[in-house]
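# Chain and residue survey
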Amino acid sequence: MRSKTRSNVRLTVLLFLCALSFLTYYDRQCIVRAQESIQSSLAIDDDRMGLIFGAFWLAYALFEIPGGWMGDQIGARFTITRIVLAWSLFTALTGLVTGFYSLLLYRFLFGVGEAGAFPNMARIQSRWLPITERARAGGLIWLTARWGAAFGPLIFGKLTRGIQSAQASIEPTSLVEWLRMVAPWRIAFIASGALGLIWCLAFYPWFRDDPAQKHSVCKAERRYIETGRGNVESRHAVNADVWLKLFSSRSLWALALYYFCGSIGWSFFVSWMPRYLKAVQGVAFENSEWSSALPLFCGGIACIVGGALSDAVVKKTKRRRFGRAMFPVTGCLLAAASMLLITQAKTATSATVLMCIAAAAFDLGQAANWASMVDIGGRNAGVAMGFVNMVGCLGHAVQPYIGARIFNTLGWDALFALYAAAFLVAMTTWAVIDPTRTFYESNERQITGES
C-alpha cells in the first residue's frame, strides 16, 4: 500500500528552502531599515553608505562559484548549513561595529558567508523536484525571498522599537542597567543573527542530499521525482571540461548579463528606496516602512504567479523556451516604463504605486529564469547558478555607490533613467538564452521533457 500512495516529503524540502529564502533577504534588508540610525551614530555619509551596501554584494558575487562548487563537490546538506551559520554570525556581529571600516568589513564577510545559498538551493531543487514543478517551486522560493526583503524592515523596525521600549523599563539600579545605553539597532542585529541558527538546528538533522537517502520518501514519490528529473549524482567532481563549457556557454553568459542589468534596476528597492521617499516625497524613514515594503510584497506575488503561468504555458504548448522567455521579456519592458514614470510622480502614493508595478513586473519573470538556470545547469546546477549569480550580483555591488553619486550630482530623474535602460538591456538577453539544453552536453542533446 505504501508504494501505491505517493508521499510528499519533497514539499517539506520546499518549505525549508522557502524559510531559508526568507531569511536570506531578511538579514540583507535589516541594514536598509537601520541605515539612518547607523549613519547618524557612526558619522557615515551617503557615498560611504553606498560602499557598505555594495560590499555585501561584491563579496557575495566573488564567492558564489566557490559556494556552488562546494555543494556540487560534497553535497548541499553540509554546504548550506555552513553558509547559514556563517552569515548569521556576521549578521550578529554587525551589532558590534565601531565605525565605517568595521561595518564595511562585517558586511563584506556577511556576503562571503551567504554566498552559495541560492546555488545550493538550486542544487537541492534539481534533485528533489521534477522539471514540471520547478517554475512553481522557483516562484515560491522567490516569493519568500521578496517577502523577506519586504517584511525585513517592518520586522526589524518593530524589533528595534520593542527593544527601545524594554530599555525604558530597566531600573537604574538593575544588573543589566548597561543595556539602556546600547543603541536598539545593535541589539536587533544580534537577535536577528539567532534566526539562522534555529533554521540549521531543524534542517541539518532532517535533510538528505538525495530522496533515495531519505527513508520517509516512499517508492512512489521517489519514482515520481527520479522520472521527472532524470538520474543525477548526489555529489560529483566538476572536471576541467565542465569548467570550460561553463565559461563558454552562451545561455549562461546571457543569463548572467540579464541578472547584472536587472540587479542594477532592482537593487534600488533594497538600497535607496527609503532615501528617495524621504528626499523627494517627504516621507520620513520611520514612516516609510510600508511604502518600502509594498513593492517587494507585490514582487513576491508576481514571482509565484509568473512561475505558475510559465509552467502552464510550457505544459500546454510543449515549448519550454517560449514558456520561459515570455515572462521576463514582458516584465522587463513594463518595469522599464514604470521606472521612467516614477520621475513624473507628484505624490508618495503615486510613486509607491509605480514602484509596485516596476517590482512586480520584473519579478514576473523571476521563476522562469530560476527554472531555466536549474534546467541549463542540470547536475552542475550549483556552479551554474553560482556563475550567473556572481556576475549578476556585481550589478548589486556597483549600483548603491554609483546611485548615490548620481542622485547627489545629477538628480533622481537621471538615476531612474539608468534603471529603465538596465531593464531594457536585460530584456534583450532572452534572444540568446536556451533552457532546453544543459550547458555541458552536446548541442544535439536536449533536456528530458518538453522542448
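Residues numbered from 1 in each chain as written. Predicted model: local features only at pLDDT ≥ 70, side-chain atom pairs only at ≥ 80, totals over all residues. Heavy atoms only, no water.

## Concerning helix H16 (residues 366-377)
With twelve residues, H16 ought to run about 16 Å at 1.5 Å a step, and its terminal C-alpha atoms sit 16 Å apart, in line with that. For H16, the buried fraction is high: twelve of the twelve residues fall into the buried class. For H16, every residue scored as buried is listed here: Gln-366, Ala-367, Ala-368, Asn-369, Trp-370, Ala-371, Ser-372, Met-373, Val-374, Asp-375, Ile-376 and Gly-377. Gly-378 sits one or two residues past H16 and shows a positive phi near 55°. (Helix = DSSP H or I, 4+ residues; strand = E, 2+ residues; numbered from the N terminus. Expected span 1.5 Å × (residues − 1). Buried < 20%, exposed > 50% of the residue type's maximum accessible area, 1.4 Å probe, protein only.)

## Looking at the pattern of salt bridges
A full pass over the atoms with the stated rule returns 13 salt bridges. Between Asp-47 and Arg-405 there is a salt bridge whose closest N-O contact spans 3.0 Å. Pair noted here: Asp-47 is in helix H2 (residues 46-62) and Arg-405 is in helix H17 (residues 381-409), with a separation of 358 residues, a long-range link. The exposure class of Arg-405 is partly exposed, given its relative accessible area of 42%. Residue Asp-241 is joined to Lys-245 by a salt bridge in which the shortest nitrogen-to-oxygen separation is 3.3 Å. With Asp-241 and Lys-245 both in helix H10 (residues 240-247) and four residues apart, this pair spans about one turn of that helix. On the basis of relative accessibility, which here comes to 39%, the residue Asp-241 falls in the partly exposed class. (Salt bridge = Lys/Arg side-chain N within 4 Å of Asp/Glu carboxyl O.)

## Considering the packing of aromatic side chains
Scanning the entire structure with this criterion turns up 41 aromatic pairs. Judged by centre distance (6.1 Å) and plane angle (75°), the ring pair of Trp-147 and Phe-151 falls under edge-to-face. Taken together, the residues span about one helical turn, with Trp-147 and Phe-151 both in helix H7 (residues 134-168) at a distance of four residues. Here Trp-147 falls in the partly exposed class, since its relative accessible area comes to 22%. Exposure remark for Phe-151: the relative accessible area of 23% places this residue in the partly exposed category. Measuring from centroid to centroid gives 4.9 Å for Phe-156 and Phe-189, while their planes differ by 55°, and the two rings are tilted. Of the two residues, Phe-156 sits in helix H7 while Phe-189 sits in helix H8 (residues 184-206), which places them 33 residues apart along the sequence. Just as Phe-156 is buried, Phe-189 falls in that class too. Three or more aromatic residues joined by ring pairs make a cluster, and in this case those are Phe-53, Phe-268, Phe-269, Trp-272, Tyr-276, Phe-407, Trp-412, Phe-416 and Tyr-419. (Phe/Tyr/Trp six-rings, centres within 6.5 Å; stacked < 30°, edge-to-face > 60°.)

## Description of unusual backbone geometry
With phi around 55°, Ala-43 is a residue other than glycine that occupies positive phi space. Tracing the chain through its elements places Ala-43 in the loop between helix H1 (9-42) and H2. Residue classification places Ala-43 among the exposed positions, given a relative accessible area of 69%. In this model, Lys-318 sits at a positive phi of 60°, which is unusual for a non-glycine residue. Along the polypeptide, Lys-318 turns up in the loop between helix H13 (289-317) and helix H14 (320-342).

## A closer look at the packing of H1 against H7
Running from amino to carboxyl end, H1 crosses H7 at an angle of 40°, the nearest separation of the two axes being 6 Å. Between H1 and H7, the angle is such that the two are oblique. Regarding H1 and H7, the two cross each other, and that crossing is right-handed. Residue composition of the contact of H1 with H7, by class: 20 nonpolar, six polar and three charged. (Axes fitted to C-alpha atoms, helices over the stretch in contact; angles between N-to-C directions. Parallel < 35°, antiparallel > 145°, perpendicular 65-115°, else oblique. Left-handed = near helix turned anticlockwise from the far one by under 90°. Nonpolar A, V, L, I, M, F, W, Y, C, P; charged D, E, K, R; others polar.)

## Topic: the environment of Gly-378
Tracing the backbone shows Gly-378 in the loop between H16 and H17. Each C-alpha atom of the pair Gly-378 and Ile-74 lies 16 Å from the other, and the pair is 304 residues apart in sequence. With sequence-adjacent residues up to four places away left out, Gly-378 is seen in contact with Ser-126, Arg-127, Thr-438 and Tyr-440. (Contact = heavy atoms within 4.5 Å.)

## A short note on the confidence of the model for the protein
Summing up the model confidence of the protein, the mean pLDDT is 88 and the portion of residues at 70 or higher is 94%. Summarising per-element confidence for the protein, the mean pLDDT is lowest in helix H9 (residues 219-229) (83) and highest in helix H18 (residues 412-428) (97). Note on residues 447-451: pLDDT under 50 across the span, and 22 contacts to partners over four residues away in sequence or across chains. (pLDDT = per-residue confidence, 0-100.)

## Observations regarding the nonpolar core
By size, the foremost hydrophobic cluster in this structure holds 125 residues, and its most contacted members are Phe-268, Phe-269 and Met-339. The element contributing the most residues to this core is H1, with 16 residues. Residue contacts for Phe-269: discarding those within four places in its chain leaves Gln-29, Pro-295, Leu-296, Met-339, Met-355, Ala-358 and Ala-359. (Core = buried A, V, L, I, M, F, W, Y, C linked by side-chain atoms within 4.5 Å.)

## What to know about H7
In this model H7 runs 49 Å from its N-terminal to its C-terminal C-alpha over 35 residues, within 8% of the 51 Å that 1.5 Å per residue would give. The sharpest bend along H7 comes to roughly 40°, located at Phe-151, with the proline Pro-153 sitting one to four residues further on. (Bend = angle between axes of the 7 residues up to and from the residue.)

## Some details on the side chain of Arg-107
Among the secondary structure elements, Arg-107 is positioned in helix H5 (residues 100-114). Despite being buried, Arg-107 has no salt bridge partner; Glu-114 is the closest side chain of opposite charge, sitting 7.8 Å away. If we ignore the near neighbours within four places in the chain, the residues touching Arg-107 are Asp-27, Arg-28, Ile-31, Ile-52, Ala-55 and Phe-56. (Lys, Arg positive; Asp, Glu negative; His and termini not counted.)

## A few points about a nonpolar patch on the surface
Together, Leu-51, Val-398, Tyr-401, Ile-402 and Leu-418 make up an exposed nonpolar region whose accessible area comes to about 360 Å². Take the nonpolar patch: its biggest share by element is three residues, from H17. Along the polypeptide, Val-398 turns up in helix H17. A relative accessible area of 35% means that Val-398 is categorised as partly exposed. (Patch = residues over 30% accessible without salt bridge, like charges linked within 9 Å, V, L, I, M, F, W, Y side chains within 5 Å. Areas by Shrake-Rupley, 256 points an atom, 1.4 Å probe, with all protein chains shown as cover.)

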